[in-house]
Amino acid sequence: GENVEQHPSTLSVQEGDSAVIKCTYSDSASNYFPWYKQELGKGPQLIIDIRSNVGEKKDQRIAVTLNKTAKHFSLHITETQPEDSAVYFCAAISKAAGNKLTFGGGTRVLVKP
Amino acid sequence: SQTIHQWPATLVQPVGSPLSLECTVEGTSNPNLYWYRQAAGRGLQLLFYSVGIGQISSEVPQNLSASRPQDRQFILSSKKLLLSDSGFYLCALNEAFFGQGTRLTVV
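In this report, the structure presented in the accompanying data block is examined. (Residues numbered from 1 in each chain as written. Chains lettered and ligands numbered in written order. Predicted model: local features only at pLDDT ≥ 70, side-chain atom pairs only at ≥ 80, totals over all residues. Heavy atoms only, no water.)

**Quick look at the state of the cysteines**
Residue and element names in this part refer to chain B.
In step 1: Counting across every chain of the model gives two disulfides over all chains.
In step 2: Covalently, Cys23 is tied to Cys91 through a disulfide, its sulfur atoms 2.0 Å apart. Taking the sign of the S-S torsion, about -75° here, the bridge from Cys23 to Cys91 comes out left-handed. You can see Cys23 sitting in strand S3 (residues 19-26) and its partner Cys91 sitting in strand S9 (residues 87-93), a full 68 residues away along the chain. Comparing Cys23 with Cys91 shows no difference in burial state: the two are buried. (Disulfide = S-S within 2.5 Å. Helix = DSSP H or I, 4+ residues; strand = E, 2+ residues; numbered from the N terminus. Buried < 20%, exposed > 50% of the residue type's maximum accessible area, 1.4 Å probe, protein only.)

Structure (structure tokens):
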């Protein structure tokens, strides 16, 4: 089955700096890679996603890149703000695996004002 | 638009008592529905997923069961709760949308 690893587990950045979270996956059939933001006591919220036919996608201050050959994808947050503080999860999904999401272990991001 | 409703938000149950958590969705038909559990400070563990009425796949052996009596309803149950069943339970719709979760504490 799919295995997704996420690094780092915690990330502390100064407000205004950039944050980068990296994930690797094992199943070459995976074709959809969502990223979620989870605030304390709430469910994860989808913030951006990328499909395997795209190398990069950007939405305002967040961007995601995908390297299919190396089987890794990354989340980039620029000009970080205190409200970006949360736990971020990457995930991978493969239709061949029954459309099941496999999550990374999460990254706790703290943006210091 | 697609919406997902999950309740209750918090629940405290004694060991050995039954459990029933309900998840309902709107704005879609024949969705894929999922139940996840999240231990404190940890990632999400897939418990069950369903691609249609009466179709349930279990990912891990455990004290829990799931049912899908209607297209837009997904229920997580237990006949007798264990202390280890404590956690944050999340219902998800079509891999993209999560409910707000139920924090279950078994005492």
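**Concerning the sheet that holds strand S8 (residues 73-78) of chain B**
Residue and element names in this part refer to chain B.
In step 1: Taken in spatial order, the four strands make up an open sheet running S1-S3-S8-S7, and their pairing is antiparallel. Looking at strand neighbours, the two that pair on one side only are strand S1 (3-7) and strand S7 (65-70), the edges of this open sheet. This sheet shows a mean twist of 20° between the axes of neighbouring strands, independent of strand direction.
In step 2: Where S7 meets S8, four bridges bridge the pair, whose relative direction is antiparallel. From the neighbouring strand, Ser65 faces S8, where its bridge partner is Ser77. (Pairing = 2+ DSSP bridges. Axes fitted to C-alpha atoms, helices over the stretch in contact; angles between N-to-C directions.)

**Focus: the nonpolar core**
In step 1: If you look at the biggest cluster of nonpolar residues, it comprises 24 residues, and the most contacted ones within it are Trp35, Phe73, Leu75 and Tyr88 of chain A.
In step 2: Sorting the residues of this core by element identifies strand S2 (10-14), strand S3 (19-25), strand S4 (32-38), strand S5 (45-51), strand S7 (62-67), strand S8 (72-77), strand S9 (86-94) and strand S11 (107-112) of chain A as the ones contributing at least two each.
In step 3: For Tyr88 of chain A, the residues in contact, after removing those within four places along its chain, are Gln6, Ile21, Tyr36, Lys37, Ile47, Leu75, Ile77, Gly106, Thr107 and Val109 of chain A.
In step 4: In this structure, Ile4, Leu81, Leu104 and Val106 of chain B belong to the second largest nonpolar core, which totals 20 residues. (Core = buried A, V, L, I, M, F, W, Y, C linked by side-chain atoms within 4.5 Å. Contact = heavy atoms within 4.5 Å.)

**A short note on the pairing of strand S1 (residues 4-7) of chain A**
Residue and element names in this part refer to chain A.
In step 1: On S1, burial follows the alternation: Val4 and Gln6 on one face are buried, whereas Glu5 and His7 on the facing-out side are not.
In step 2: One ladder, built from four bridges, connects S1 with S3; its direction is antiparallel. Within S3, the position partnered with His7 by the bridge is Lys22.

**Overview of the side chain of Thr102 of chain B**
Residues and elements named next belong to chain B.
In step 1: Mapped onto the secondary structure, Thr102 falls in strand S11 (residues 102-106).
In step 2: Reaching out from Thr102, the side chain makes a polar contact with the backbone oxygen of Pro8 at a distance of 2.4 Å.
In step 3: Those residues in contact with Thr102, other than ones at most four positions away along the chain, are Gln6, Trp7, Pro8, Ala9, Leu11, Leu21, Gly87, Phe88 and Tyr89. (Polar contact = N/O pair within 3.5 Å; in protein donor to acceptor, adjacent residues only side chain to side chain.)

**A look at unusual backbone geometry**
In step 1: Note that the residue after His7 of chain A, namely Pro8 of chain A, is joined by a cis bond; omega there is -5°.
In step 2: Residue placement: Pro8 of chain A occurs in the loop between S1 and S2.
In step 3: The residue after Trp7 of chain B, namely Pro8 of chain B, is reached through a cis peptide bond having omega -5°.
In step 4: Looking at the element boundaries, Pro8 of chain B is found in the loop between S1 and strand S2 (10-13).
In step 5: A positive phi angle is found at Lys71 of chain A, which is not glycine, with a value near 55°.
In step 6: Looking at the secondary structure, you find Lys71 of chain A in the loop between S7 and S8.
In step 7: Not every positive phi belongs to a glycine, and Asn30 of chain B is a case in point at roughly 50°.

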